[in-house]
Amino acid sequence: MTGISGENLREVMRLLPSPVTVVTASYDGEIRGITIGSFTSTSLEPALISFNVSNDSPMLDMLSRSSEFIVHFLKASQDDVSERFAVPDQTGDEQFDGVEYSVSAKGSPLLDGTLARLTCSVYAIYEAGDHAIIVGLVGAADEQEPGRPLIYHDRGYQSVG
């Protein structure tokens, strides 16, 4: 079976607004984050979320080894945070340079000023072409600061409301 080209799919998918989240994790003293636009709630019982990560992303290896990861829901004013963690070839130290954050009990970076955070553990990782689907078991959900969510639509950041 053959399908459409990846570029054709990308063009059509730009028509659908996507939430903007940043996922952070740590392993063996290294910290890392990644901007995710494929985030979704997957199951209520158990509480599961999912998102996609490119197979060549250093974050994929970290997620497979880390005991927890944090999903941050970005506010409309945090497009700069999204941009920072969208650069694939930075080290973890470069990613977090100048970013305000604290650290969880297990060492995961907790970004300041976000709408909400989900603390998760890896439930499953599935191969899916040039990406992996990460399914996370949500252990805690915390609202952080009120505001409007950041979304991505047609090559630009937007908000709702």
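Here the structure is a predicted model, which means the values were calculated and not measured. (Residues numbered from 1 in each chain as written. Predicted model: local features only at pLDDT ≥ 70, side-chain atom pairs only at ≥ 80, totals over all residues. Heavy atoms only, no water.)

Undergrad: Lay out the sheet that holds strand β2 (residues 21-27) in plain terms, naming residues and giving numbers.
TA: Strand order in this open sheet of seven strands is β3-β2-β6-β9-β10-β5-β4, and the pairing throughout is antiparallel. With one partner strand each, in any of the chains shown, β3 (30-36) and β4 (40-43) form the two edges of the open sheet. The mean inter-strand angle of the sheet, taken between neighbouring strand axes irrespective of direction, is 35 degrees. Bridge count between strand β5 (residues 48-54) and strand β10 (residues 131-143): seven bridges; the pairing is antiparallel. Its bridge partner lying in β10, Asn52 is registered against Ile133. Against the sheet, helix α2 (residues 58-65) touches β2, β3, β5, β6 (69-73), β9 (116-128) and β10, its axis set at about 60 degrees to β2. Set on the sheet, helix α3 (residues 79-86) makes contact with β2 and β3; between it and β3 the angle comes to about 115 degrees. (Pairing = 2+ DSSP bridges. Helix = DSSP H or I, 4+ residues; strand = E, 2+ residues; numbered from the N terminus. Axes fitted to C-alpha atoms, helices over the stretch in contact; angles between N-to-C directions. Contact = heavy atoms within 4.5 Å.)

Undergrad: Before we move on, can you summarise the side chain of Arg117 with the specific residues and values?
TA: Considering the arrangement of structural elements, one finds Arg117 in strand β9. Of the buried charged residues, Arg117 lacks a salt bridge, with Asp112 as the closest side chain of opposite charge at 4.9 Å. Here the side chain of Arg117 touches Leu111 through a polar contact of 3.0 Å, landing on its backbone oxygen. At 3.1 Å, the side chain of Arg117 and the side chain of Gln144 are in polar contact. (Buried < 20%, exposed > 50% of the residue type's maximum accessible area, 1.4 Å probe, protein only. Lys, Arg positive; Asp, Glu negative; His and termini not counted. Salt bridge = Lys/Arg side-chain N within 4 Å of Asp/Glu carboxyl O. Polar contact = N/O pair within 3.5 Å; in protein donor to acceptor, adjacent residues only side chain to side chain.)

Undergrad: For the layout of surface pockets, give the residues involved together with the corresponding values.
TA: Here the largest pocket is characterised by a volume of approximately 1400 Å³. Lining the largest pocket are 41 residues; nearest its centre among them are Arg10, Thr35, Gly37, Ser38 and His131. Every element with two or more residues in the lining of the largest pocket is listed here: α1 (6-13), β1 (18-19), β3, β5, α2, α3, β10 and β11 (150-153). In terms of residue count, β3 provides more of the lining of the largest pocket than any other element does, five residues in total. (1 Å grid on protein atoms, 1.4 Å probe; cavity = no way out; pocket = protein on both sides within 12 Å on 5 of 7 lines; lining within 4 Å. Points joined across faces, edges and corners; volume = space filled by probe spheres on them.)

Undergrad: Describe the packing of aromatic side chains, with residues and values.
TA: Using the criterion set out here, one finds five aromatic pairs in the structure. Measuring from centroid to centroid gives 5.5 Å for Phe39 and Phe73, while their planes differ by 65 degrees, and the two rings are edge-to-face. On the criterion of sequence distance, the pair formed by Phe39 in the loop between β3 and β4 and Phe73 in strand β6 is long-range, its members being 34 residues apart. For Phe39, a relative accessible area of 14% corresponds to the buried category. Residue classification places Phe73 among the partly exposed positions, given a relative accessible area of 28%. Each ring, one from Tyr152 and one from Tyr157, has its centre 5.2 Å from the other, and the planes form 75 degrees; the classification is edge-to-face. For Tyr152, a relative accessible area of 36% gives the class partly exposed. Assessed through its relative accessible area of 24%, Tyr157 is described here as partly exposed. One aromatic cluster in this structure is built from Phe85, Phe96 and Tyr101. (Phe/Tyr/Trp six-rings, centres within 6.5 Å; stacked < 30°, edge-to-face > 60°.)

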